[in-house]
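Structural overview for review
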Amino acid sequence: MNTQVVKRTMERHELSILLSLLVVVSGCPTFTRRPVPEQLMDSVCVPHMPRDIRTWGDRRSEMLQRSLRESFAQTQRAYGEHEPMDILSISSGGLQGAYAAGVLCGWTEHGTRPVFRVVSGVSIGAIIAPFAFLRSGYDDRLQEMAKSATQENIYRMRWLPLASLTDNAPLARFIGRYCNQDVLDAIAAEHAKGRRLFIATTNLDASRPVIWDMGAIASSDSPDALRLFQSIIVASAASPVIFPPTYIRVEHDGQMYDEMHVDGAVTAQIMLYGQALTAQEVRPDSVSARQRGTYYVILNRRIRGDCGPVEPSIRSIAIRSIGRLMQDQGVGDLWQAYAACRRDGLGFCVAAIPDDEALPAEPRIDTQIQTRLFDCGYALARDGYPWATEPPGLRIAPQALIRGAIERDGFDKLDPSKKLGHAGTHSSRPRQ
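The structure reproduced in this document is the subject of the present report. No experiment lies behind these values; they were computed from the predicted model shown.

Now for the overall build of the protein chain. Looking only at helices and strands, the protein chain has 13 helices and 11 strands in total. Sequence separation of 24 or more characterises 79% of the internal contacts of the protein chain that already satisfy a separation of 6 or more. Counting only carbon and sulfur atoms, one obtains 55% of the accessible surface of the protein chain, whose full area is about 19,800 Å².

We now examine unusual backbone geometry. Despite not being glycine, Asp-221 shows a phi value in the positive range, around 65°. Looking at the secondary structure, you find Asp-221 in the loop between helix H8 (214-218) and helix H9 (225-237).

Position of Ser-67 among the secondary structure elements: in helix H2 (residues 62-79). Ser-67 gets classed as buried once you look at its relative accessible area, which sits at 5%. When near neighbours in sequence (up to four residues on either side) are disregarded, Ser-67 contacts Arg-196 and Asp-213.

To continue, consider H2. Over its 18 residues, H2 extends 26 Å from the first C-alpha to the last, a length consistent with the 26 Å expected when each residue adds 1.5 Å. Here H2 has its buried residues at Met-63, Leu-64, Gln-65, Ser-67, Leu-68, Ser-71, Phe-72, Gln-74 and Thr-75. Buried residues along H2 sit in contact with strand S1 (54-56), strand S3 (118-122), helix H7 (181-192), strand S6 (196-203) and strand S7 (208-213).

Here the focus is the packing of helix H5 (residues 139-148) against helix H11 (residues 367-382). Close contact between H5 and H11 brings their axes to 7 Å; oriented N to C, the two are set at 140°. Contact residues: Gln-143, Ala-146 and Lys-147 in H5; Thr-367, Gln-370, Thr-371, Phe-374 and Asp-375 in H11. Taken together, the residues of the contact of H5 with H11 break down into 2 nonpolar, 4 polar and 2 charged.

Our focus in this paragraph is the pairing of strand S8 (residues 246-252). Inspection of the sheet shows S8 paired to strand S9 (residues 255-263) by 7 bridges, in the antiparallel sense. Looking across to S9, one finds that Glu-251 is bridged to Met-256. Linkage of S8 to S9, two consecutive antiparallel strands, is achieved through a turn of 2 residues, within which Asp-253 is found at a positive phi near 50°.

In globular proteins that are soluble, nonpolar side chains generally tend to be buried together. Judged by nonpolar contacts, the single largest core of 76 residues is most densely connected at Leu-88, Leu-104, Trp-212, Met-214, Ile-217 and Phe-229. Excluding residues within four positions of it along the chain, Leu-88 makes contact with Leu-104, Phe-116, Val-118, Val-119, Ser-120, Ala-132, Tyr-296 and Ile-298. Val-122, Val-297, Ala-337 and Tyr-338 belong to the second largest nonpolar core, which has 32 residues in total.

Counted according to the given criterion, the structure contains 13 aromatic pairs. Judged by centre distance (6.0 Å) and plane angle (75°), the ring pair of Phe-116 and Tyr-296 falls under edge-to-face. Highlighted residues: Phe-116 in the loop between helix H3 (98-110) and S3 and Tyr-296 in strand S10 (residues 294-302), separated in sequence by 180 residues. Residue Phe-116 is classed as buried on the basis of its relative accessible area, which comes to 0%.

What follows deals with the environment of Val-103. Considering the arrangement of structural elements, one finds Val-103 in helix H3. In sequence terms Val-103 and Ala-352 are 249 residues apart; their C-alpha atoms lie 9.8 Å from each other. Once residues within four sequence positions are removed from consideration, Val-103 is found in contact with Ile-298, Gly-377, Tyr-378, Ala-381 and Tyr-385.

What counts as what
- Residues numbered from 1 in each chain as written.
- Predicted model: local features only at pLDDT ≥ 70, side-chain atom pairs only at ≥ 80, totals over all residues.
- Heavy atoms only, no water.
- Helix = DSSP H or I, 4+ residues; strand = E, 2+ residues; numbered from the N terminus.
- Contact = heavy atoms within 4.5 Å.
- Areas by Shrake-Rupley, 256 points an atom, 1.4 Å probe, with all protein chains shown as cover.
- Buried < 20%, exposed > 50% of the residue type's maximum accessible area, 1.4 Å probe, protein only.
- Expected span 1.5 Å × (residues − 1).
- Axes fitted to C-alpha atoms, helices over the stretch in contact; angles between N-to-C directions.
- Nonpolar A, V, L, I, M, F, W, Y, C, P; charged D, E, K, R; others polar.
- Pairing = 2+ DSSP bridges.
- Core = buried A, V, L, I, M, F, W, Y, C linked by side-chain atoms within 4.5 Å.
- Phe/Tyr/Trp six-rings, centres within 6.5 Å; stacked < 30°, edge-to-face > 60°.

Structure, rendered in structure tokens:
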């Protein structure tokens, strides 16, 4: 055997050994965990925090219902009357969240942005939600966040992938720079007026969504409040495998455990109204039809799926397939929320990235794309956003069948298409 053949053979063996080591290392846990036993998952609590700061997001929650009852009483004390229960939900969508930031800022410029009673966020929506909750005084911060996100302040690649492909310490610092103690204090003040801010994560051990009452955390006076607040946002925005999970310490009868939390979009693209949270059961009888309000959704995605040739590679096939799954999940979430709004007498409005807006075939951090999406959302909202008042596909289905199903299930309380045009046309409410 000549020298060149021997050398190539040795190189192949070295490469095989290196790849084998990578597989072995990537399969090893980063540390020894103490996960919560299944029988204790409903009983554990976060140390030094009230028990009612969180709840499961896939079933009716007495904690959230109690929070809403308190909200109506607090709002009446703060404003002297019942204000419309306008709700805003901001979806997942990665760096396409710049679109939601643009919509919010343009909505302010149009002069019709409501003071939302409830604001919720999932994934990138979790980063935006605190500033949407804190009214238009934080629009400059929203715009800066949307346009300044770069790879350097979001993640860095790992040399040896363990629980994830990247290290999200830069993301934690990015969030900490904007979600500081002043923001926490401002959220606590709004919480005392009856407004609510909710963020969704996914408890991966339980395979269930968790809804966190961020205003209750901000109001807790716990020395750990700011750290927990920031950790929840990092967890909700951390796509699994790409970003590492966030471990939240919990306790039961003096025993400490850890929960693994990842992106809230694993279980839902938006925090679903009507699943764990509903106003119907807790709304005072004196609330008029005008005061029932509207459920707004800003979807950081296009409704129409991507179209075009896919490269014959694992990466390209996975990106297109997972993207399509997430789009369909988002549309299904809209339908569930729409049915709950019909049942409860709430209006329903959806904003989504226009189908003709060009997006990259593969997700990437690009400040030019983020600026373009922000400007697109801003321009549409500044001129009076053309809100969709039905989930996609409703008019394609036979209307008699749809109406029959809604009436059968007790949802026939409101026809949003008869009450709603675009934002700002359906009630006189306090503006930001």
